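Structural overview
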Amino acid sequence: MTTDPRPHPLPTAPPRSPNTGKKVASAVIASGMLLFGLVFTPIAIVALVRAQPLGPDWSTGSNVVNVVFMWIFGFALLLLSAIAAAGAVLAKAAKSTGLFVYALIVTAIVLIGALAMLVAAAITVSG
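Between its first and last C-alpha, helix α1 (residues 20-50) extends 45 Å over 31 residues, near the 45 Å set by a 1.5 Å rise per residue. Those residues of α1 not exposed but buried are S26, A30, M33, G37, T41 and A44.

See below:
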């Protein structure tokens, strides 16, 4: 009487680190914010360089639209820099030094864009 040998069990995946999900989430957040930072920070810096005080003329015609857009854009970039900072906190919680430094650099890039746009809006309104 012959018996069939027992089939080999399927290979199992190596156990994952409990921080894997945090690392992935932090990398996704930081990379997304880097995209926003690299696109919008140069725009904000150009707006800062070209900003001119309009005095009371900022509240007439299309100047109002420009100024309101600049304020909204600046605060949106400020929100994006807060999201990037949250990614840095997540990387720190995941004990990933390299990812933490990357997220901090991304936060700085987006924060520079936010501050440049908010200062440009303030210069435009002043006068």
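Turning our attention to the packing of aromatic side chains. What the rule picks out here adds up to four aromatic pairs. Plain terms: the ring middles of F36 and F40 are 6.0 Å apart, the flat faces sit at 15° to each other, and that makes the pair stacked. Here F36 and its partner F40 are both found in helix α1, four residues apart, which amounts to about one turn of the helix. Summarising the aromatic geometry, the rings of F69 and F73 are spaced 5.5 Å apart at their centres and angled 20° between planes, so their arrangement reads as stacked.

Before going further, it helps to examine the environment of I72. Among the secondary structure elements, I72 is positioned in helix α2 (residues 62-93). Residue I72 is classed as exposed on the basis of its relative accessible area, which comes to 55%. It is 9.3 Å that separates the C-alpha atoms of I72 and M117, two residues lying 45 residues apart in sequence.

Rules used throughout
Residues numbered from 1 in each chain as written. Predicted model: local features only at pLDDT ≥ 70, side-chain atom pairs only at ≥ 80, totals over all residues. Heavy atoms only, no water. Helix = DSSP H or I, 4+ residues; strand = E, 2+ residues; numbered from the N terminus. Expected span 1.5 Å × (residues − 1). Buried < 20%, exposed > 50% of the residue type's maximum accessible area, 1.4 Å probe, protein only. Phe/Tyr/Trp six-rings, centres within 6.5 Å; stacked < 30°, edge-to-face > 60°.

By themselves, these figures tell us nothing about what the structure is for.
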